[in-house]
Structures are given as C-alpha cells and as structure tokens.
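If you want the building blocks of each chain, they are given just below.
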Amino acid sequence: MKRIAAVLILLLVTVGTLFWAHDSQSEEQRDGFANYRLIAHAMGSIREQAYTNAYEAMIANYEKGTRVFEIDFMLTSDRVAVARHEWTANMSKMLGQDEELPEHKQAGALTHDEFMNTPILGMYQPMDADGIMKVLSKYPDMYIVTDTKEQKDEDIQQVLRSLVNAAKKHDSSALSRVVVQIYNEPMLEKVKEVYNFPSIIYTLYATQDTESQVVDFVQNNDIDAVTMPEYKVNQNFVAKLKKAGAVTYVHTINDTQQVANYEKWGVYGVYSDVLTEQEMEEMNTRFAWKP
C-alpha cells in the first residue's frame, strides 16, 4: 500500500508540474504575429543558404510551419522596393549572381528589371514589394516583418509606401499582417506618416538608448515586441520589457539549446535562419513534459 501511495503522489506531482508548465506558457499566448516564437530571418534558409529573401525560401519554410518572415528591403536604382539585404559584391557572390551580372553591376543597386530577372543561386525567384504582398494576400495566416536597410527617412518611407500600394492592389487587409521594425524612437513617427501599421517591433542593434529609455518608449507607445542581439540580453531587461507590455526576441539564433537557455531568462522567441516554428513547438512541448 505504501508503494502504491508513493506512486500516486509522484503521479500527482508530475501532473501538477505539467499543468503548471502548460499554464505558464498559456499565459504568454499573444495575438497576431506575437503568437509565434519563431521569426524566419531573411525568409529563412533554403538548402542551407541564408539571406536569399527568395520566394522559394518563403514558401518552403511556410510549409514547414513557419508563419512569420523577416524580410530585408532595399530600393532599386529606379526606387522600387525589393527583398535584398545589401547592394554589395559579396552579397552578389553569396547569392550566386556574380556570374550572372557584369562586374560593374555586382556592387551597386540594380534596376527593378535587372533585379527581378537575375535568379538567386541560378534557380530562385527574387521578390519585390508587389510579389510579397501578393503572397501575403494568398496566405491569411502569414506575417512579414520589415527590415528596411535604407538609411534615409525618405527612402525608408518609400519602401513602406511601396508595400502599402501593393497591398491596396491585392488585398488591403494584408497590411494588418505587416509588422514594421523600427531602429530608433523618431522612426516611429516617420512610419506613421506613411501608414498606421498596427504592429511594431523595436530592434535595438542600432540604438544607443539606455535600457530605461527603451522600456519607457515601449510602454508609452504600446510597442508589441523588442528584438535585440545576444550581447544586449539580460534577465532584468527582459523582465522590465515584459512588464511594459512587449515580448522579447533575440537574433539570430540557430540552435535549440540556445533558445532553451534564453527562454529561462524570459525571452519569448528568436529570429533564426534555420529553425522552424514546428521545431520551437516541439522543443516547448519537450521541456513542458519533462518531470
């Protein structure tokens, strides 16, 4: 009888632990993009190649369960917003375009036609704002996060304006699933001058603001999320941001053990080249069911 009682007590404790773990995670469930803990960096890798920002990468990772896609945006020489990390010779080489483009075109902005007609790695389709919003209108549970690589306010606004115009062409409601990343406090007003996007992520890699300034800004402006590089993460900062109403993401993380370590600090999610939302869910389930 004592053995049976001991087993029953152990079972009750285990079930209680599982319920508490599940309940703790349920408390963090959010609406919209923040319902997901994984954001695919540059649309996520395809065949182990990162930074493609290609159509095929977006669809392949969507089919693996990912729903939130960070996209790099640059302007072409004729001022069309396209999915590109940078206009450099190194990037052209990484994307396998150095043999497709003449040497004088490899290190500078292409025209829109040149960009769209130069395959990535010889096989993948480059994306512009119109194509991205067309895909977003087709998949009603998909979100994009903008990473505007342009530096001037008027260029950043041109990128956002291109997305707004493309959405109006395909499906205006898709704008509710465009999450704009801002890099400093003044940028928020510049974004609002173009469109009142409902979701904002404050990314901290370029700001010199103190932790207190970031927390105050987040709280005063109803910022949905904050993302930061690893060297800026600390448990106290994450806790203050959560209290201010923002979930926290860390970039760029490609290992589930690192994800688990950051979760212990209260970090909500990560940007990743290779992980998927499904892997994040499996990892959370595994840890939740661990006695």
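Quick note: structure is the one above.
Everything numeric here is computed off the predicted structure, so don't read it as measured data.

With that settled, consider the nonpolar core. With 71 residues, the main nonpolar core has M43, M58, M133, V178 and I182 as its most contacted residues. In contact with M133, not counting residues within four places along its chain, are I144, L163, A166, A167, H170, A174, L175 and V178. In terms of nonpolar packing, the next biggest core, distinct from the first, is built from 14 residues, Y36, V68, V145 and Y249 among them.

Mapped onto the elements of the fold, H112 is located in helix 4 (residues 112-116). Judged by relative accessible area, which is 18%, H112 ranks as buried. Within the structure, H112 has its side chain in polar contact with the side chain of D128 (distance 2.8 Å).

Let's shift gears to unusual backbone geometry. A cis amide bond links H251 with the next residue in sequence, T252, at an omega value of -20°. Among the structural elements, T252 can be located in the loop between strand 8 (247-251) and helix 10 (256-264). One non-glycine residue with positive phi stands out, namely E48, at about 70°. With respect to the helices, strands and loops of the structure, E48 is situated in the loop between strand 1 (38-40) and helix 2 (55-63). Judged by relative accessible area, E48 falls into the exposed class, the value being 80%. We note that L121 has phi near 55°; this positive angle belongs to a residue other than glycine. For L121, a relative accessible area of 28% puts it in the partly exposed group.

Where helix 6 (residues 153-170) contacts helix 7 (residues 187-194), the axes come no closer than 9 Å and their chain directions differ by 40°. By the criterion of interaxial angle, the relationship of helix 6 to helix 7 is oblique. In this structure, helix 6 meets helix 7 at a crossing whose hand is right-handed. Touching D153, I156, Q157, L160, R161 and V164 of helix 6 are M187, K190, V191, E193 and V194, all from helix 7. Looking at the contact of helix 6 with helix 7 residue by residue, the classes come out as 6 nonpolar, 1 polar and 4 charged.

Moving on, we get to the environment of V233. Its place among the elements puts V233 in the loop between strand 7 (225-229) and helix 9 (235-244). Separated by 15 residues in sequence, V233 and T248 place their C-alpha atoms 9.4 Å apart. Not counting residues up to four positions away in its chain, the partners in contact with V233 are M228, V238, V250, Y262, W265 and V267.

Criteria and thresholds
- Residues numbered from 1 in each chain as written.
- Predicted model: local features only at pLDDT ≥ 70, side-chain atom pairs only at ≥ 80, totals over all residues.
- Heavy atoms only, no water.
- Core = buried A, V, L, I, M, F, W, Y, C linked by side-chain atoms within 4.5 Å.
- Buried < 20%, exposed > 50% of the residue type's maximum accessible area, 1.4 Å probe, protein only.
- Contact = heavy atoms within 4.5 Å.
- Helix = DSSP H or I, 4+ residues; strand = E, 2+ residues; numbered from the N terminus.
- Polar contact = N/O pair within 3.5 Å; in protein donor to acceptor, adjacent residues only side chain to side chain.
- Axes fitted to C-alpha atoms, helices over the stretch in contact; angles between N-to-C directions.
- Parallel < 35°, antiparallel > 145°, perpendicular 65-115°, else oblique.
- Left-handed = near helix turned anticlockwise from the far one by under 90°.
- Nonpolar A, V, L, I, M, F, W, Y, C, P; charged D, E, K, R; others polar.

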